[in-house]
Amino acid sequence: DGLVGLDHVDVDNSISPHKECKGSSLKIIEFNAERGRWWLEVSTLDEVRQADVIILNEMDIGMARSDQQHTVRQMAYFLGMNYAWGLEFLELTRGDESDRVFAPEHLPNFHGLHGNAFLTRCEISDAAIFRDKIGGYFSDKPSFVTANGLEKRLGGRMGLFG
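Residues numbered from 1 in each chain as written. Predicted model: local features only at pLDDT ≥ 70, side-chain atom pairs only at ≥ 80, totals over all residues. Heavy atoms only, no water.

### Comments concerning the overall build of the protein
What counts is decided by this rule: Secondary structure follows DSSP: runs of H or I at least 4 residues long count as helices, runs of E at least 2 residues long count as strands, and numbering of each begins at the N terminus. Only protein chains enter the area calculation, which uses a 1.4 Å probe; residues under 20% of their type maximum are buried, those over 50% are exposed, and those in between are partly exposed. With residues, only the protein chains shown are counted as cover, and all accessible areas are computed by Shrake-Rupley using a 1.4 Å probe.
The helix and strand inventory of the protein stands at four helices and eight strands. For the protein, the sequential pattern of α-helices and β-strands runs β-β-α-α-β-α-β-α-β-β-β-β. The burial tally for the protein puts 47% of its 162 residues in the buried class. For the protein, the computed accessible surface area is about 9,000 Å², with 54% contributed by carbon and sulfur atoms.

Here's what the structure looks like:
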């Protein structure tokens, strides 16, 4: 709770030319983006390109495991969509074993931010984060949720709404 900016939502409404979504239906898709590593490959899929709203779990900003990219902003600009991104965790390590395969050992995280997002062709308003109660992510004991002690994090599970 004491982490400054933990509940701030980064919103960019300057990308899509649409101010509102019109029509009787919206195409909404969701996927776990696995740290946002494959945002470009996923963005070329017809299902993604035709979506009005894309809900994304696990999108990094400034993590060595995802080439230090702002993965949400990159994907949003590529698709011409506005975005909202919220911080789930400030990653204090380089991630779990599978994450460390994607970055040289000597390369630190620039920012270490990991969160959830949504992209939309509509204007985003009233974006907010709702947090789950803090649990085992902050235990000093190695466990499944701490990648056997490899992941150290500040923050907690959350939902992003707008």
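### Section: the packing of aromatic side chains
Short version of the rule: Aromatic pairs are defined between Phe, Tyr and Trp rings, using the six-membered ring for Trp, whenever the two ring centres lie within 6.5 Å; interplanar angles under 30 degrees are classed as stacked, those over 60 as edge-to-face, and all others as tilted.
Inspection of every chain in the model, using the stated rule, returns two aromatic pairs. Taking the centre distance of 6.1 Å and the plane angle of 70° together, the rings of Trp 39 and Phe 78 count as edge-to-face. Highlighted residues: Trp 39 in helix α1 (residues 39-43) and Phe 78 in helix α3 (residues 71-79), separated in sequence by 39 residues. Residue class for Phe 78 comes out partly exposed when judged on its relative accessible area of 38%.

### Observations concerning the state of the cysteines
Quick note on the threshold: Here, a disulfide means two cysteine sulfur atoms that sit within 2.5 Å of each other.
All told, the structure shown has one disulfide when counted by the stated rule. The residue that forms a disulfide with Cys 21 is Cys 122, at a sulfur-sulfur distance of 1.3 Å. Between Cys 21 and Cys 122 the sulfur-sulfur dihedral comes to about -95°; the bridge is accordingly left-handed. Of this pair, Cys 21 sits in the loop between β1 (9-12) and β2 (28-35) while Cys 122 sits in the loop between β5 (113-120) and β6 (128-131), placing them 101 residues apart in sequence. Cys 122 sits in the buried class, given a relative accessible area of 12%.

### Topic: the nonpolar core
Filter applied, for reference: In this text, buried Ala, Val, Leu, Ile, Met, Phe, Trp, Tyr and Cys residues form a nonpolar core when linked through side-chain atoms within 4.5 Å. Whether two residues are in contact is decided by their heavy atoms: any pair within 4.5 Å suffices.
Ile 54, Leu 56, Met 75, Trp 85 and Leu 119 are the most contacted members of the largest nonpolar core, which totals 23 residues. Counting only elements with at least two residues in this core, the list comes to β2, α1, β3 (53-61), α3, β4 (82-91) and β5. Leave out the neighbours within four places in its chain, and Ile 54 touches Ile 29, Phe 31, Val 48, Leu 79, Met 81, Ala 117, Phe 118 and Leu 119. If you look at the next biggest cluster of nonpolar residues, it comprises seven residues, including Phe 118, Ile 124, Ile 129 and Met 158.

### Remarks on the side chain of Arg 35
Looking at the element boundaries, Arg 35 is found in strand β2. Of the residues examined, Arg 35 reaches a relative accessible area of 7% and is grouped as buried.

### Some words on the pattern of salt bridges
Selection criterion: The term salt bridge refers to a pairing of a side-chain nitrogen on Lys or Arg with a carboxyl oxygen on Asp or Glu at a separation within 4 Å.
Under the counting rule described, the total for this entry stands at five salt bridges. Where Glu 91 meets Arg 65, a salt bridge forms, and the shortest distance between an N and an O atom there is 3.7 Å. One end of the pair, Glu 91, is in strand β4; the other, Arg 65, is in the loop between β3 and α3, with 26 residues separating them in the sequence. Considered together, Glu 91 and Arg 65 belong to a single accessibility category, that of buried residues. As a salt-bridge pair, Arg 157 and Glu 88 come within 3.1 Å of each other at their nearest N and O atoms. Note that Arg 157 is positioned in the loop between β7 (153-155) and β8 (158-161) and Glu 88 in strand β4, a separation of 69 residues in sequence. Taking the relative accessible area as the measure of exposure, Arg 157 reaches 33% and is therefore partly exposed.

### Considering unusual backbone geometry
Positive phi values are uncommon outside glycine, yet Arg 35 reaches one of about 75°. For Asp 67, which is not glycine, the phi torsion reads 60° and is therefore positive. For Asp 67, the position within the fold is in the loop between β3 and α3.

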